[in-house]
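# Tertiary structure, described
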Amino acid sequence: MLSIFEISKLKSEIKSKFNTELHYHDACPKGYFTLDEDNENIVKFIEDFFAERNLQLKFSDDRLHFVAERITNA
């Protein structure tokens, strides 16, 4: 998962580049993220950010909620 500093950086970049909010919810068994809007450019930006850290995303059907999971080689 991301550190609190990486989450803060991502939130700032989303706000700066897209003028929308990314929210992190610390919950058991793992945290999740929510977006204020569904936007293909935002989703791509977030996917790239997480991929650089060897993480993949699983989005809800409305693409406003997602979790990150470590990429594992089968």
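Residues numbered from 1 in each chain as written. Predicted model: local features only at pLDDT ≥ 70, side-chain atom pairs only at ≥ 80, totals over all residues. Heavy atoms only, no water.

### Considerations on the nonpolar core
Stated precisely, the cut-off is as follows: What we call a nonpolar core is a set of buried Ala, Val, Leu, Ile, Met, Phe, Trp, Tyr and Cys residues that are connected through their side-chain atoms within 4.5 Å. Think of it in three bands: residues with accessible area under 20% of the maximum for their type are buried, residues over 50% are exposed, and the middle band is partly exposed, with areas taken using a 1.4 Å probe on protein chains only. Labels follow the DSSP assignment, with helices taken as runs of H or I lasting at least four residues and strands as runs of E lasting at least two, numbered in each case from the N terminus. Here, residues are in contact when the closest pair of their heavy atoms is within 4.5 Å.
Core analysis: the largest hydrophobic core is formed by 15 residues, its most contacted members being Leu2, Leu22, Phe33, Ile46, Phe50 and Phe66. For this core, the secondary-structure elements that each account for two or more residues are helix H1 (4-18), strand E2 (32-35), helix H2 (40-51), strand E3 (55-59) and strand E4 (65-70). No other element matches H2, which puts 4 residues into this core. Apart from residues no more than four positions distant in its own chain, Phe66 is found in contact with Leu22, Tyr32, Phe33, Leu35, Ile46, Phe50, Leu57, Lys58 and Phe59.

### A short note on H1
Stated precisely, the cut-off is as follows: The length a helix should cover is 1.5 Å for every residue beyond the first. Taken from the helix axis, the directions to the C-beta atoms give the arc we talk about.
Relative to the 21 Å expected for 15 residues at 1.5 Å per residue, H1 spans 21 Å between its end C-alpha atoms, a close match to the ideal helical length. Listed in full, the buried residues belonging to H1 are Ile7, Leu10 and Ile14. Relative to the axis of H1, the buried residues are bounded by an arc of 60° and lie together on one face. Across H1 from its buried face, at more than 90 degrees, point the exposed residues Ile4, Phe5 and Ser16. For H1, the elements touching its buried residues are strand E1 (22-25), E2 and H2. Asn19, located one to two residues past H1, shows a positive phi value of around 55°.

### Side note on unusual backbone geometry
Residue Cys28 is joined to Pro29 through a cis peptide bond whose omega torsion reads 5°. Along the chain, the position of Pro29 falls in the loop between E1 and E2. For Asn19, which is not a glycine, the phi torsion comes out positive at approximately 55°. Looking at the element boundaries, Asn19 is found in the loop between H1 and E1. For Asn19, a relative accessible area of 60% puts it in the exposed group. Despite not being glycine, Arg63 shows a phi value in the positive range, around 60°. For Arg63, the position within the fold is in the loop between E3 and E4.

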